[in-house]
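These are the residues of each chain, in order.
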Amino acid sequence: MADSATNVPPPPHTIFDTILVLDFGSQYTHLITRRLRELNIYSEMLPCTQKISELSFKPKGIILSGGPYSVYWDDAPHVDPAVFEMGVPILGICYGLQEIAWHSDQKNVVAGEKREYGHAILNVHKHSGKTAHVDALFAGLEDDMDVWMSHGDKLSQRPAGFVTVAASENAPFAGIAHEEKEWFGIQFHPEVTHTKKGTPLIKNFAANICGAKQDWTMDAFVGKEIERIRALVGPKGQVIGAVSGGVDSTVAAKLMHEAIGDRFHAIMVDNGVLRLNEAKQVKETLTAGLGINLTVIDASDRFLDLLAGVKDDPEKKRKIIGNTFIEIFQEKAKEIAAAAKGSANEGEIEWLLQGTLYPDVIESISFKGPSATIKTHHNVGGLLEGMHLKLIEPLRELFKDEVRALGTQLGIPEDLVWRHPFPGPGLAIRIIGEVTRDQVRIAQQADHIFIEEIKKAGYYKQISQAYAALLPVKAVGVMGDKRVHAQVIALRAVETTDFMTADVFDFPTKFLSKVSTRIVNEVDGVCRVLYEGKSSQQPTTSELSGHEFANGQIVTSKPPGTIEME
Ligand code: GLN
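Not measured: the values here are computed from a predicted model. (Residues numbered from 1 in each chain as written. Predicted model: local features only at pLDDT ≥ 70, side-chain atom pairs only at ≥ 80, totals over all residues. Heavy atoms only, no water.)

1. A short note on the site of the ligand
Around the ligand sit Gly66, Gly67, Pro68, Tyr69, Cys94, Tyr95, Gln98, Ser150, His151, Gly152, Asp153 and His189, and those are all the residues in its vicinity. Between the ligand and Gly67, the relevant distance is 2.9 Å, taken from an oxygen atom to a main-chain nitrogen or oxygen of the residue. Contacts to the ligand include Gln98, whose side-chain N or O atom sits 3.0 Å from an oxygen atom. For the ligand, the protein covers 89% of the area, taking 300 Å² as the surface of the free molecule. Secondary-structure elements contributing two or more residues to the shell around the ligand are helix H3 (95-104) and strand E6 (144-155). Per-element tally for the shell around the ligand: the top contributor is E6, with four residues. Class assignment for the residues of the shell around the ligand results in four nonpolar, seven polar and one charged. (Near = heavy atom within 4 Å. Polar contact = N/O pair within 3.5 Å; in protein donor to acceptor, adjacent residues only side chain to side chain. Areas by Shrake-Rupley, 256 points an atom, 1.4 Å probe, with all protein chains shown as cover. Helix = DSSP H or I, 4+ residues; strand = E, 2+ residues; numbered from the N terminus. Nonpolar A, V, L, I, M, F, W, Y, C, P; charged D, E, K, R; others polar.)

Take a look at the structure:
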């Protein structure tokens, strides 16, 4: 289908007004893009080294992000000077502000006497009409704003041609605006939620100053994307892809189905370590519910036989599961491909569906430093040896919340759209120690009870991920006046927005007791339940008081538990 490339409808940045974010490696750069998308303004991020002559679209405006470097370092990254010749509005944030000032005169940026990290009060200066646009960035915002700063360098003087539009105690040039051109710089970070009116400021820049239309919605995206898939794949081409029952693969599969019907072949591999009844449920939802052409392969015995005897090395479990998955997927893909070849009006399978999301793309292109090479996204197309499949990635422009909105748009049931992530190696990594059929049964049943109760209590959407893990230790308990020696379940539930840091979910005691009672009563082989409250962001002592169950305190009553473990 090589020649179809020219007929393919253009990607979103040519259809929707786009704000280009140039990344200097700040840990918050992706948040700028997210805030814009939340305002229904399409935005993409590229490394700060992007050559403007190689840009395939004309952005409505450019935002220069923060970054960990100092602009005056010899090897500091700088934008292509052509950025300043494009005639579009520019907003520099922190390093971005310093870059604008440095571009005008290298003497403008120096190391500050002290670092400024955290909250600051910003005083907005109004110029009442001399050059109207200089006030546009802070239009409608209060004169005293609560902002968040994170910098060590500062502007030593105001760059020529600029006026000061905001100042803080430590940063006399915390906001500057060019008197003629629509160039702005701010020392604080409007993209983080600690800056109270950050989003309205970003809106002022993107919608009012740049004039970007707020028309980026999943409703507008879906039709265009279906058209794009059809053009890409052609009238006969076929696509194959793995589904897991998770939101990303389901949304991608449904989108493919809408675009090319049964020429999209979904494969689900039951690896024996899925959640209770999962393979059956996914099959029902995807085939009967969503009409997707799905083949489910029950390979549980093959996986569980390979996992037998693997005790202490979770990496080994992951490898076995990952490699076996690829083998099975490959076998099935070849079968489907052979069958498809013979059919009258269908072409060969040429494409592999990949559920890549925008954060994966960002991760692969984000600017890592003057000497770091920029990774290209790993091409899993090579994964299907000998089939030479091309990748099709219909979600690659979308953030997770957009994938969810798209799922709802496509009629995917709510509980699937809001489903917690589930790891590829499944319960195998929630069963500490050897994975046997009986351990899988215990883990499945305990997990099922925990999640069922979470849903009943209405916590499911608030929690980002919750599960029950099975520990390879036995505790003593008293059940029906008899001494029992059975295993321990550890519950875990976290809240997070980005899965990089997470906080323990604060369940009421009553809830945990109920789950504990049900698990001990209903799951044969368990006599004790813990709430595993250790979070990656360790709570401070003052926070701990709100987490009665933090750090593995026992929530199982006695009996059936005992006070000591053994
Ligand atoms: N490195 C620069 C400074 O310390 C920029 C910091 C930033 O962009 N957050 O001032």
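2. Side note on the sheet that holds strand E14 (residues 390-392)
Across a sheet, strands are paired by hydrogen bonds formed along the backbone, either parallel or antiparallel in direction. Sheet architecture is open: five strands sit in the order E12-E11-E10-E13-E14, paired in parallel fashion. Two strands close off the open sheet at either side, each with one partner strand: strand E12 (294-298) and E14. Each strand of the sheet is rotated relative to its neighbour by a mean of 30°, with strand direction disregarded. Bridge count between strand E13 (residues 349-353) and E14: three bridges; the pairing is parallel. Bridge pairing in E14 places Leu353 opposite Ile392. Its contacts with the sheet put helix H5 (residues 218-233) on strand E10 (238-242), E13 and E14, and the angle it makes with E14 is roughly 165°. (Pairing = 2+ DSSP bridges. Axes fitted to C-alpha atoms, helices over the stretch in contact; angles between N-to-C directions. Contact = heavy atoms within 4.5 Å.)

3. Digging into the packing of aromatic side chains
For the coordinates displayed, the defined rule picks out 20 aromatic pairs. Between the aromatic rings of Trp216 and Phe221, the centroid separation amounts to 5.5 Å while the plane-to-plane angle is 70°, which identifies the pairing as edge-to-face. Classification of Phe221 by relative accessible area gives buried; the value is 2%. Taking 5.3 Å as the distance between ring centres and 75° as the angle between the ring planes, the aromatic pair formed by Tyr459 and Phe511 counts as edge-to-face. A residue pair is termed long-range when its members are at least 10 positions apart, and Tyr459 in the loop between helix H13 (437-456) and strand E15 (465-479) and Phe511 in helix H14 (residues 509-522) qualify at 52 residues. On the accessibility criterion, Tyr459 (17% relative accessible area) is buried. Positioned over the ring face of Phe399 is Arg34, at 5.8 Å from the centre of the ring. Positioned over the ring face of Tyr460 is Lys455, at 4.8 Å from the centre of the ring. (Phe/Tyr/Trp six-rings, centres within 6.5 Å; stacked < 30°, edge-to-face > 60°. Buried < 20%, exposed > 50% of the residue type's maximum accessible area, 1.4 Å probe, protein only. Lys NZ or Arg CZ within 6 Å of the ring centre and 35° of its normal.)

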